[in-house]
Every structure is written in C-alpha cells, then in structure tokens.
Amino acid sequence: MIRALILPSIAVLALAACGQPDESAPETPPAAEAPAQTPDSNALSAQGWGPLRIGMTRAEITRALGPDANPDAVGGPDPESCDQYRPERAPEGVLLMLEQGVLTRISLIREATLTTDRGFGIGDSAADIKAAYGDAAQVSPHKYVDAPAEYITVWTDGPSSAPYREDPDARGVVYEIGADGNVSMIHVGGPSIQYVEGCS
C-alpha cells in the first residue's frame with residue numbers, strides 16, 4: 001500500500017521538476033552585436049588614400065603603387081622641389097603631389113571614380129557638399145572662373161580664420177567647384193591643397 005502511494009508521488013515530483021529551469025545549465029549568450037562600421041579604406045581622406053599616407057616618401061609610394069606612369073610628362077617646373085604624377089598602379093584620375101620628395105597632396109581629376117570618406121566625387125553638387133559639412137565648410141571664390149565656381153575647404157581641426165594655412169601638420173580637403181556648380185577636382189592633404197595652379 002505504502003509502495004503504491006510512493007510511486008505516484010515520485011512521478012508527480014518528476015513532472016513538476018521538468019517545468020523548473022535548470023540553474024546549472026549555462027545561460028543563453030546574448031545575441032552578438034553588429035560589428036561597428038569601419039571607414040572605407042578605398043575612400044579619399046585628409047590623411048590619404050588606400051596604401052598612401054600624406055608624408056610618405058617617393059620610395060615608399062613607389063613600393064606601394066609603382067613608379068610614375070608617365071615619366072616623360074612634366075609634373076612641375078622644378079620636379080626636385082615639387083612634382084605631380086600618377087603612379088602606375090594608381091586608379092585613373094588620381095594625381096599625387098610631392099614637395100621636397102614627400103607626399104603632400106592627393107588629387108582626383110577628370111575621370112576619377114574614387115570618392116572622399118564623405119562619399120563625394122567628381123560631378124557631385126556644391127549644394128550637397130555644403131549641406132553635408134555644414135559650418136565646417138569654408139567657401140571662397142574661384143580664382144579663375146565666375147560663380148557658381150568656388151572652393152569648398154574643410155580642415156580636420158575645424159574652420160580656420162587665417163587666409164592661408166601654413167602648418168605642415170594641417171590636414172584637409174578642398175572641393176573645387178566648376179562653372180556648372182559641380183565638383184571638378186578634389187584635393188586632400190596638407191597646406192598644398194590650397195594651391196590653385198599645380199605646384200603653386
């Protein structure tokens with residue numbers, strides 16, 4: 001009789017235990033967070049592009065992207081002082097400026113398809129660029145072309161009150177706007193982004 005009572009009781013306890021959480025079981029780990037988005041390494045920034053960084057030597061550039069794609073072209077009136085060229089393995093429309101053998105500026109010209117780290121490239125509108133950068137964008141008249149042609153300059157350390165930046169550590173981007181109100185060239189790097197005639 002006692003045995004008959006014990007067996008159903010054990011069964012009831014076993015069923016009740018099935019509904020209880022097992023405290024010894026490991027907790028389900030929380031869902032993994034989405035990885036933070038990293039900047040596009042193929043985008044042009046004030047510090048450089050891809051394997052290039054402002055401040056690199058010609059030898060370092062050559063190791064990264066090869067020699068001058070057109071060594072017979074004249075890149076500047078005094079190449080030892082200032083030279084411009086496209087390395088063999090650089091995309092079309094990418095032009096480098098070296099001063100005293102050091103990379104100071106990277107430019108996008110004509111057929112370039114690269115974009116800046118803000119997503120702007122050749123042909124984008126000045127209005128969109130100004131809207132994206134807001135108060136950080138400094139606008140100045142174009143030296144040779146009537147408005148709406150202009151220069152939109154953005155320094156990484158904020159707008160400058162100086163008419164011309166000379167600090168070699170300064171970094172920024174200049175969007176050169178053509179007569180149609182769209183980007184015709186982009187320059188990133190140090191103070192040489194302010195040059196309006198190649199090496200000057």
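Use the structure listed above.
Keep in mind that this is a model prediction, so the values were computed, not measured. (Residues numbered from 1 in each chain as written. Predicted model: local features only at pLDDT ≥ 70, side-chain atom pairs only at ≥ 80, totals over all residues. Heavy atoms only, no water.)

### Regarding the overall build of the chain
Counting secondary structure elements, the chain contains 3 helices and 9 strands. Each helix and strand of the chain, ordered N terminal to C terminal, gives the series α-β-β-α-β-β-β-α-β-β-β-β. Contacts spanning at least 24 positions in sequence make up 47% of the contacts within the chain whose residues lie at least 6 apart. Only carbon and sulfur atoms are counted for the fraction: they give 56% of the accessible area of the chain, which is about 12,100 Å². (Helix = DSSP H or I, 4+ residues; strand = E, 2+ residues; numbered from the N terminus. Contact = heavy atoms within 4.5 Å. Areas by Shrake-Rupley, 256 points an atom, 1.4 Å probe, with all protein chains shown as cover.)

### Concerning the layout of surface pockets
Taken as a whole, the largest pocket encloses approximately 340 Å³ of empty space. Surrounding the largest pocket, 20 residues form its lining, Ser140, Tyr151, Thr153, Pro163 and Gln194 being those nearest its centre. At the level of secondary structure, the elements contributing two or more residues to the lining of the largest pocket comprise strand S6 (138-141), strand S7 (150-155) and strand S8 (172-177). Among the elements that take part in the lining of the largest pocket, S6 stands out by supplying 4 residues, more than any other. Of the residues belonging to the lining of the largest pocket, the class tally is 11 nonpolar, 6 polar and 3 charged. Forming the walls of the second largest pocket are 14 residues, and the residues nearest its centre are Leu95, Arg105, Ile109, Met185 and His187. For the lining of the second largest pocket, the secondary-structure elements that each account for two or more residues are strand S5 (102-108) and strand S9 (183-189). It is S9 that contributes the most residues to the lining of the second largest pocket, 3 residues altogether. (1 Å grid on protein atoms, 1.4 Å probe; cavity = no way out; pocket = protein on both sides within 12 Å on 5 of 7 lines; lining within 4 Å. Points joined across faces, edges and corners; volume = space filled by probe spheres on them. Nonpolar A, V, L, I, M, F, W, Y, C, P; charged D, E, K, R; others polar.)

### Observations concerning the state of the cysteines
Following the criterion strictly, the structure yields 1 disulfide and no others. A disulfide bridge connects cysteine 82 with cysteine 199, and the sulfur atoms are separated by 2.1 Å. Judged by the sign of its S-S torsion, about -80°, the bond between cysteine 82 and cysteine 199 is left-handed. Here cysteine 199 lies in the segment after S9 and cysteine 82 lies in strand S3 (residues 82-85), a separation of 117 residues in the sequence. With relative accessibility at 6%, the residue cysteine 82 sits in the buried group. (Disulfide = S-S within 2.5 Å. Buried < 20%, exposed > 50% of the residue type's maximum accessible area, 1.4 Å probe, protein only.)

### Observations concerning the pairing of strand S4 (residues 94-99)
With 5 of 6 residues buried, S4 is to be regarded as a mostly interior element. For S3 and S4, the ladder comprises 4 bridges, and the chain directions are antiparallel. Within the sheet, the bridge partner assigned to tyrosine 85 lies in S4 and is leucine 96. Two strands pair when backbone bridges link them, and S4 and S5 are joined in this way by 6 bridges, in the antiparallel orientation. Residue pairing in the sheet places glutamate 99 in a bridge with valine 102 of S5. In textbook terms, the turn of a hairpin is the stretch between consecutive antiparallel strands, and for S4 and S5 this stretch comprises 2 residues, one of which, glutamine 100, has a positive phi near 55°. (Pairing = 2+ DSSP bridges.)

### Here we look at the sheet that holds S3
Spatial ordering of the open sheet is given by S3-S4-S5-S9-S8-S7-S6, a layout of 7 strands whose pairing is antiparallel. At either end of the open sheet lies a strand with only one pairing partner, and these are S3 and S6. The average angle at which neighbouring strand axes cross in this sheet is 20°, direction not considered. Packing of helix H3 (residues 126-133) onto the sheet brings it into contact with S6, S7, S8 and S9, and relative to S7 it is tilted by some 25°. (Axes fitted to C-alpha atoms, helices over the stretch in contact; angles between N-to-C directions.)

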